[in-house]
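# Structural features, examined
Residues per chain are reported as follows:
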Amino acid sequence: MRTVARVAGVLTGLTLTLGGAALAAPAARADIPACTRMAEQAGATATDSVRAACHRGVVGDLQTCVGALAEAGVPGGAAGAACRAAAHEPR
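Residues numbered from 1 in each chain as written. Predicted model: local features only at pLDDT ≥ 70, side-chain atom pairs only at ≥ 80, totals over all residues. Heavy atoms only, no water.

Before going further, it helps to examine the overall build of the chain. For the chain, the count of helices and strands is five helices and zero strands. Mapped from its N terminus to its C terminus, the chain presents α and β elements in the order α-α-α-α-α. Residue burial in the chain is summarised as follows: out of 91 residues, 21% are buried. Restricting to contacts in the chain with at least 6 residues of sequence separation, those with at least 24 account for 49%. Of the roughly 5900 Å² of accessible surface on the chain, a fraction of 62% belongs to carbon and sulfur atoms. (Helix = DSSP H or I, 4+ residues; strand = E, 2+ residues; numbered from the N terminus. Buried < 20%, exposed > 50% of the residue type's maximum accessible area, 1.4 Å probe, protein only. Contact = heavy atoms within 4.5 Å. Areas by Shrake-Rupley, 256 points an atom, 1.4 Å probe, with all protein chains shown as cover.)

Have a look at this one:
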């Protein structure tokens with residue numbers, strides 16, 4: 001009986017540990033299409049360079065994202081909003 005209780009305790013602890021890690025892990029919330037749509041609404045064409053810039057926003061490099069979108073013709077404020085949309089950052 002003691003071995004069964006020990007195994008049950010270990011399994012319970014393992015379940016709680018793994019479940020807690022899954023809850024604490026950040027969800028992947030990248031949104032390149034939202035970024036691209038915002039860039040298009042601001043007057044840019046959805047090109048590979050716009051999608052690449054939005055990808056920079058997804059990985060958290062907002063400064064490079066904004067700069068690349070500005071080079072693609074997206075005004076500064078709209079570029080920042082699009083990059084934040086890619087990263088799903090609060091406004």
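Running from N to C, helix α2 (residues 32–41) and helix α3 (residues 48–58) point in directions that differ by 130 degrees, and their axes come no closer than 9 Å. Our classification of the angle between α2 and α3 gives oblique. Between α2 and α3 lies a crossing of right-handed hand. Where α2 approaches α3, its residues Ile32, Cys35, Thr36 and Ala39 are matched on the opposing element by Val50, Arg51, Cys54, His55 and Val58. Counted by class, the contact of α2 with α3 contains six nonpolar, two polar and one charged residues. (Axes fitted to C-alpha atoms, helices over the stretch in contact; angles between N-to-C directions. Parallel < 35°, antiparallel > 145°, perpendicular 65-115°, else oblique. Left-handed = near helix turned anticlockwise from the far one by under 90°. Nonpolar A, V, L, I, M, F, W, Y, C, P; charged D, E, K, R; others polar.)

With that settled, consider the nonpolar core. Among the nonpolar cores identified, the biggest contains 13 residues, and Cys35, Ala39, Ala44, Val50, Cys54, Leu69 and Val74 are the most heavily contacted of them. Contributions of two or more residues to this core are made by α2, α3, α4 (62–71) and α5 (76–87). At four residues, the largest contribution of residues to this core is made by α5. (Core = buried A, V, L, I, M, F, W, Y, C linked by side-chain atoms within 4.5 Å.)

A complete count under the given rule lists two salt bridges for this structure. Across the pair arginine 51 and aspartate 48 runs a salt bridge, and its minimum N-O distance is 3.1 Å. Placement of the pair is arginine 51 and aspartate 48 together in helix α3, with a separation of three residues, close to one helical turn. Taking the relative accessible area as the measure of exposure, aspartate 48 reaches 61% and is therefore exposed. In this structure, the salt-bridge partner of aspartate 61 is arginine 56, at a minimum N-O distance of 3.2 Å. The exposure class assigned to arginine 56 is partly exposed, which follows from its relative accessible area of 33%. (Salt bridge = Lys/Arg side-chain N within 4 Å of Asp/Glu carboxyl O.)

In this section: the packing of α2 against α5. Viewed as axis vectors pointing N to C, α2 and α5 meet at an angle of 165 degrees, and their least axial separation amounts to 7 Å. One element, α2, and the other, α5, form an angle in the roughly antiparallel class. Handedness of the crossing formed by α2 with α5: right-handed. Taken together, the residues of α5 that come into contact with α2 (itself represented by Ala34, Cys35, Met38 and Ala39) are Ala81, Ala82, Cys83, Ala85 and Ala86.

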